[in-house]
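Chains, contacts and geometry: an overview
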Amino acid sequence: MKIDELKHAGLKRWIEEAKTLMTPDSVEICDGSAAEYDRMIKITVDAKLATVLNESKRPGSVLFRSDPSDVARVEDRTYIASKNKEDAGPTNNWMDPAELKQKMRALYKGSMRGRVMYVIPFSMGQIGSNIAKIGVEITDSPYVVANMHIMARVGTKVLDVLGADGFFVPCLHSVGKPLAPGETDNGKWPCAPMADKYISHFPETREIWSYGSGYGGNALLGKKCLALRIASVLARDEGWLAEHMLILKITNPEGEVKYIAGAFPSACGKTNLAMLIPTLPGWKVETVGDDIAWMKFGKDGRLYAINPEAGFFGVAPGTNDESNHNAMETIKKNTIFTNCGLTEDGDIWWEQIGYGAPGKEIIDWKGVKRPAPKTDKSPKGEEIAHPNARFTAPAKQCPCIAKEWEDPAGVPISAFLFGGRRPKTIPLVNQSKSWIHGVFMGSIVGSEVTAAVISDQVGQVRRDPFAMLPFCGYNMGDYFKHWIKIGKTAEEKGWADKLPKIFFVNWFRKNEQDKFIWPGYGENSRVLAWIFDRCDGKGKSLETPIGTLPAAGAIERPAGVSEQDMAELLRVDIDGWKKEIEDVRKNHYPKFGSHLPDELKSELEAIEKRLEG
Ligand code: OXD
Ligand code: MN
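Residues numbered from 1 in each chain as written. Chains lettered and ligands numbered in written order. Predicted model: local features only at pLDDT ≥ 70, side-chain atom pairs only at ≥ 80, totals over all residues. Heavy atoms only, no water.

Another point: the domain arrangement of the chain. Its domain assignment divides the chain into domain 1 (3-50 + 73-239), domain 2 (243-310 + 402-612) and domain 3 (312-397). Computed from C-alpha atoms alone, the centre-to-centre distance between domain 1 and domain 3 is 28 Å. Taken together, the contacts link 12 residues of domain 1 with 12 residues of domain 3. Taken together, the two surfaces of domain 1 and domain 3 that pack against each other cover about 870 Å², and 66% of this comes from carbon and sulfur. Counting across the interface, domain 1 meets domain 3 through 0 salt bridges. Taken together, the links from domain 1 to domain 3 amount to 3 residue pairs in polar contact (both at pLDDT 80 or more). Elements with a contribution of two residues or more to the side of domain 1 that touches domain 3: α2 (34-46), α5 (142-151) and α7 (216-219). For the side of domain 1 that touches domain 3, the element with the highest residue contribution is α5, accounting for 5 residues. For the side of domain 1 that touches domain 3, a count of residues per class yields 8 nonpolar, 3 polar and 1 charged. (Domains from an automatic or database assignment. Contact = heavy atoms within 4.5 Å. Buried area = accessible area lost by both parts, 1.4 Å probe. Salt bridge = Lys/Arg side-chain N within 4 Å of Asp/Glu carboxyl O. Polar contact = N/O pair within 3.5 Å; in protein donor to acceptor, adjacent residues only side chain to side chain. Helix = DSSP H or I, 4+ residues; strand = E, 2+ residues; numbered from the N terminus. Nonpolar A, V, L, I, M, F, W, Y, C, P; charged D, E, K, R; others polar.)

Right, dumping it as structure tokens:
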């Protein structure tokens, strides 16, 4: 399709402007076809950016190696450029939108020279669903086009729904590496130096401008940029929720079904939890989504969730048949791998894949030949796969995908989970006493920082409210208010009892020897079963100062967990909680200043009183 054939005048104008600014050699409007996907892969293979994997081991799959400076989301270079700084709030980088655009225009000028400018119309959510949103990404990266084919619904069908004047979020992306005449990428992942990378959001005008990175959330703009940062602003304005949450379907031995949504910071095992195989007999878990949930009230007063994505962009290291058998099945074919090891027999490999690498040598994520590890572990800093190596795979390939995962009406949510990697203090599971108490719990989520993000805080606990710290497109204090408002709306309409119940969970408790005391993975089904019952007002429980905990014996002990460990997992650590709450009062809540809702201040006081006994 040619630009002139487009029906949407605003889209046409925007594409022309981008073309004039970035001066690509040519422009292509993506149709979303399988042939187009194959062509993108061929272009990257010809440019030596991708390696085709062994067809008999990993059919239809390729491996990319990125530049060592371009391996994860870059939070320090991510901006919320609202007109007023206060609207971006204390947790986001801010720059005046006019100033940022001026800076970025200078970078974009001529940045696509020697390249093709691809225009990708995409829908987050089922095309045509009334919850779905349309975006159009302009990019000079065929890697991005191929990934977007998997992660979103792309192509001509989207333009049909957009019509002549439909709303779309313009998403501008350039890797920031123009090519001189005759120059090709020739095996060098194109990107710009760190200081020139910008992942920018303009919430008032609903625009995304990304420059300089070709990796994951920095470049696949439908995911974090649109479906979370811009969508959170749309959700605030339109009265719904755009959340960093997995969605799972759980069926009990009696055949009753519930849907649970869970917010966990990046790399806390959302994908593993969403695809869990229960160890509890008779229970079944199926996947609706592994990263993002968009939720709206239905006519019946329940909150209905859709997964706006069409694929999984999962962290590879640590994924194995034990930790996530369903993910391993999902990525058996038609998958894009990035920054994994390449074995002698043309397959991928990563740390904790469950087996040593075959053969004598392996090529690491930097493209260097190394001795093939005999076990699946490597010393820290010498990993074969980058710790944030990823797979991009179609959700429909997942053996446990729920049949309703594409239902445009969404699925009714019974429970919200909040959690993070917390070695101490936070018990295995804790139900909130009320909606507001649950919002309080969400607002104080914290987690040990991992490699999903470039940061000097790796290993430290950082507060990550609602797991939205890097993804909220506006003032986080106002975001807390929005959650409180959702509760109030339900109350006013007589739907309060239909609101999801809220739980705080922690799979990551450690003992004095720094060893995890809860086995996690499939054994988490024991906790999910208690949560399932609590949603029906069942499940033996205990009122405590921090919330409602399982009564002794309510969660059956898995093999290998001693009675003492189980008691520790469910103990209310009063001193630890006093420190936790003091940290919230002194260091966390003051950041939000006048934007902190009074309701949360009252919750803080109430829990302090309860802890004093
Ligand atoms: C992700 C993330 O990639 O949260 O999902 O970083
Ligand atoms: Mn995520």
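Continuing now.
The geometry of helix α11 (residues 435-443) relative to helix α16 (residues 598-612) is characterised by a closest axis approach of 10 Å and an angle of 90° between their N-to-C directions. Looking at the two axes, α11 sits roughly perpendicular to α16. Every residue of α16 that contacts α11 at Ile436, His437, Val439, Phe440 and Ser443 is listed here: Glu599, Leu600, Glu603, Leu604, Ile607 and Arg610. (Axes fitted to C-alpha atoms, helices over the stretch in contact; angles between N-to-C directions. Parallel < 35°, antiparallel > 145°, perpendicular 65-115°, else oblique.)

An order of β2-β3-β18-β23-β17 is seen for the 5 strands of this open sheet, with the pairing classed as mixed. Of all the strands in the sheet, the pair left with one neighbour each is β2 (50-52) and β17 (311-315). Going across the sheet, the axis of each strand differs from the next one's by a mean of 20°, ignoring polarity. Across 3 bridges, the pairing between strand β18 (residues 336-338) and strand β23 (residues 390-394) is antiparallel. Each residue of the ladder has a partner; that of Ile336, found in β23, is Thr392. (Pairing = 2+ DSSP bridges.)

For the rest of this paragraph, the subject is the coordination of the manganese ion (ligand 2). Around the manganese ion (ligand 2), the protein contributes the donor atoms Lys224 (NZ), His244 (NE2) and Asp291 (OD), at 2.2 Å from the metal centre. Between consecutive donors of the manganese ion (ligand 2), the numbers of intervening residues give the motif K-x19-H-x46-D. Taken together, the residues Lys224 in helix α8 (residues 222-238) and Asp291 in the loop between β14 (284-289) and β15 (293-297) connect sequence positions 67 residues apart. The same class applies to Lys224 and to Asp291, which are both buried. (Donors = N, O, S within 2.8 Å, 3.2 Å for Na, K, Ca; no water. Buried < 20%, exposed > 50% of the residue type's maximum accessible area, 1.4 Å probe, protein only.)

This part is about the packing of aromatic side chains. Ring pairs (aromatic) are described by centroid distance and by the angle formed between their planes. Per the stated rule, a full pass over the model turns up 28 aromatic pairs. Centroid distance Phe416 to Trp483: 5.2 Å. Interplanar angle 65°. Geometry classified as edge-to-face. With a gap of 67 residues between them, Phe416 in strand β24 (residues 411-419) and Trp483 in helix α12 (residues 476-492) connect regions that are remote in the sequence. Neither residue differs from the other here; Phe416 and Trp483 are each classed as buried. Grouping aromatic residues by their ring pairs yields a cluster made of Phe416, Phe418, Trp435, Phe466, Tyr474, Tyr479, Phe480, Trp483 and Phe592. Over the ring of Phe532 we find Lys258; its NZ or CZ atom is 4.8 Å from the centre of that ring. (Phe/Tyr/Trp six-rings, centres within 6.5 Å; stacked < 30°, edge-to-face > 60°. Lys NZ or Arg CZ within 6 Å of the ring centre and 35° of its normal.)

We now examine the side chain of His595. Turning to its location among the elements, His595 is positioned in the loop between α15 (574-588) and α16. Separated by 2.6 Å, the side chains of His595 and Glu86 make a polar contact. With near-sequence residues (within four places) excluded, His595 lies in contact with Glu86, Asn475, Gly477, Asp478 and Lys481.

Turning our eyes to something else, we now look at the pairing of strand β13 (residues 257-263). In the case of a regular strand, side chains alternate between the two sheet surfaces. With respect to burial, β13 is a largely interior element, 6 of its 7 residues being buried. Between strand β12 (residues 245-251) and the antiparallel strand that follows it, β13, lie 5 residues; Gly255 among them carries a positive phi value of about 90°. Taken together, the 5 bridges between β13 and β24 define a ladder with parallel strand orientation. Along β24, the bridge assignment pairs Ile260 with Ala415.

Another aspect to go through is the state of the cysteines. For the structure shown, the criterion picks out 0 disulfides. With no disulfide partner, Cys400 has as its closest neighbouring cysteine sulfur the one in Cys398, 3.6 Å distant. Under the relative-accessibility criterion, Cys400 is labelled buried at 8%. (Disulfide = S-S within 2.5 Å.)

Time to look at the site of ligand 1. The environment of ligand 1 is made up of Arg73, Lys223, Lys224, His244, Ser266, Asp291, Arg390 and Phe471. Here an oxygen atom of ligand 1 and a side-chain polar atom of Asp291 are 3.2 Å apart. Between Arg390 and ligand 1, the recorded distance is 2.9 Å, taken from a side-chain N or O atom to an oxygen atom. Relative to its unbound accessible area of 210 Å², ligand 1 is 91% covered by the protein chains. Taken together, the residues that form the shell around ligand 1 break down as 1 nonpolar, 2 polar and 5 charged. (Near = heavy atom within 4 Å. Areas by Shrake-Rupley, 256 points an atom, 1.4 Å probe, with all protein chains shown as cover.)

The buried fraction of strand β5 (residues 116-124) amounts to 8 of the 9 residues, a majority that puts the element mostly inside the structure. Sheet analysis places strand β1 (residues 26-29) next to β5, joined by 4 bridges and oriented parallel. Each residue of the ladder has a partner; that of Ile29, found in β5, is Val119. Across 7 bridges, β5 lies against strand β6 (residues 133-139) in antiparallel orientation. What sits directly across from Met124, in β6, is Lys133. Pairing between β5 and strand β7 (residues 153-154): 2 bridges, direction antiparallel. Its bridge partner lying in β7, Phe122 is registered against Val154.

Another aspect to go through is α8. Taking 1.5 Å per residue, 17 residues should reach 24 Å; α8 reaches only 19 Å between its end C-alpha atoms and comes up short. Taken as a whole, α8 carries its principal kink of about 45° at Ala231. Of all 17 residues in α8, 14 are buried; the element is thus mostly enclosed. Of the residues trailing α8, Gly239 is marked for its positive phi of about 80°. (Expected span 1.5 Å × (residues − 1). Bend = angle between axes of the 7 residues up to and from the residue.)

Of note, Gln431 is situated in strand β25 (residues 429-431). Polar contacts involving the side chain of Gln431 include one to the side chain of Arg534, which spans 2.7 Å. Setting aside its immediate chain neighbours within four residues, Gln431 contacts Met441, Lys501, Ile502, Phe503, Trp530, Arg534, Gly547 and Thr548.

The subject of this paragraph is the pattern of salt bridges. If charged atoms from side chains of opposite charge come close, those side chains can pair. Evaluated as defined, the whole model comprises 42 salt bridges. The partner of Asp291 in a salt bridge is Lys223, with the nearest N and O atoms 2.9 Å apart. Here Lys223 lies in helix α8 and Asp291 lies in the loop between β14 and β15, a separation of 68 residues in the sequence. Arg463 is the partner of Glu580 in a salt bridge, and the nearest nitrogen-oxygen pair spans 2.8 Å. Within this pair, whereas Glu580 is found in helix α15, its partner Arg463 is found in strand β27 (residues 461-463), the two being separated by 117 residues in sequence.

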